[in-house]
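Chain by chain, the residues:
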Amino acid sequence: MNSTLSPTATAPASAAPVAVHGPVPQAPSIHVRAVITWLAIFPLVAVGMLLVAPLTEGWHSALRSLVLTLVVVPVAVYLVVPRLFAGYGALLRRRNSRKTS
């Protein structure tokens, strides 16, 4: 029997223990995630459309959308959305610390 499938199998020696520094925050609701994602995407698309418009005047709209999304989606996913979620988390922590004080 393969020991990795056993419910009593131990973690490999190379696995580092995870340090917990307090309660794990609850994930934001689906509605909060949708609003934060929209707050990231809308300005990027609006600015991107203004910047790309002069360069892509004669292009088909589908090709323009493809080029715009090739830039906007990675910028949003890797840069903007994580910072907005960090800001949201800081806001929640500040609000919760005021309630407990």
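Residues numbered from 1 in each chain as written. Predicted model: local features only at pLDDT ≥ 70, side-chain atom pairs only at ≥ 80, totals over all residues. Heavy atoms only, no water.

Okay, the overall build of the chain next. Per the secondary structure count, the chain includes two helices and zero strands. Total accessible area on the chain stands at roughly 8500 Å², and carbon and sulfur atoms take up 69% of it. (Helix = DSSP H or I, 4+ residues; strand = E, 2+ residues; numbered from the N terminus. Areas by Shrake-Rupley, 256 points an atom, 1.4 Å probe, with all protein chains shown as cover.)

Further remarks concern helix α1 (residues 30-52). Helix length check: α1, at 23 residues, gives a terminal C-alpha distance of 32 Å against a target of 33 Å (1.5 Å per residue), a fit within 8%. Here α1 has its buried residues at Ile-36, Ala-40, Gly-48 and Val-52. Those residues of α1 that are buried lie in contact with α2 (61-100). (Expected span 1.5 Å × (residues − 1). Buried < 20%, exposed > 50% of the residue type's maximum accessible area, 1.4 Å probe, protein only. Contact = heavy atoms within 4.5 Å.)

What follows covers α2. Remark: the principal bend of α2, roughly 50°, maps to Ala-76. Where α2 is concerned, the buried positions are Leu-68, Val-72, Ala-76, Val-81 and Gly-89. Considering only its buried residues, α2 is in contact with α1. (Bend = angle between axes of the 7 residues up to and from the residue.)

What follows concerns the packing of aromatic side chains. What the rule picks out here adds up to one aromatic pair. A ring pair is formed by Trp-38 and Phe-42, whose centres lie 5.2 Å apart and whose planes are at 10°; its orientation type is stacked. On the criterion of helical spacing, the pair formed by Trp-38 and Phe-42 is a turn pair, its members being four residues apart in helix α1. Note on Phe-42: relative accessible area 47%, which makes it partly exposed. (Phe/Tyr/Trp six-rings, centres within 6.5 Å; stacked < 30°, edge-to-face > 60°.)

Right, let's get into a nonpolar patch on the surface. On the surface, a cluster of nonpolar side chains totalling about 500 Å² of accessible area is made up of Val-35, Trp-38, Leu-39, Phe-42 and Leu-84. Looking at which element gives the most residues to the nonpolar patch, the answer is α1, with four residues. Note on placement: Leu-84 falls in helix α2. (Patch = residues over 30% accessible without salt bridge, like charges linked within 9 Å, V, L, I, M, F, W, Y side chains within 5 Å. Salt bridge = Lys/Arg side-chain N within 4 Å of Asp/Glu carboxyl O.)

Moving on to the packing of α1 against α2. Where α1 contacts α2, the axes come no closer than 9 Å and their chain directions differ by 140°. The orientation of α1 with respect to α2, classified from their angle, is oblique. Relative to α2, α1 is oriented so that their crossing is right-handed. Every residue of α2 that contacts α1 at Val-32, Arg-33, Ile-36, Leu-39, Ala-40, Ile-41, Leu-44, Val-45, Gly-48, Met-49 and Val-52 is listed here: Leu-68, Val-72, Val-75, Ala-76, Val-80, Val-81, Leu-84, Phe-85 and Tyr-88. Of the residues assigned to the contact of α1 with α2, the class counts are 18 nonpolar, one polar and one charged. (Axes fitted to C-alpha atoms, helices over the stretch in contact; angles between N-to-C directions. Parallel < 35°, antiparallel > 145°, perpendicular 65-115°, else oblique. Left-handed = near helix turned anticlockwise from the far one by under 90°. Nonpolar A, V, L, I, M, F, W, Y, C, P; charged D, E, K, R; others polar.)

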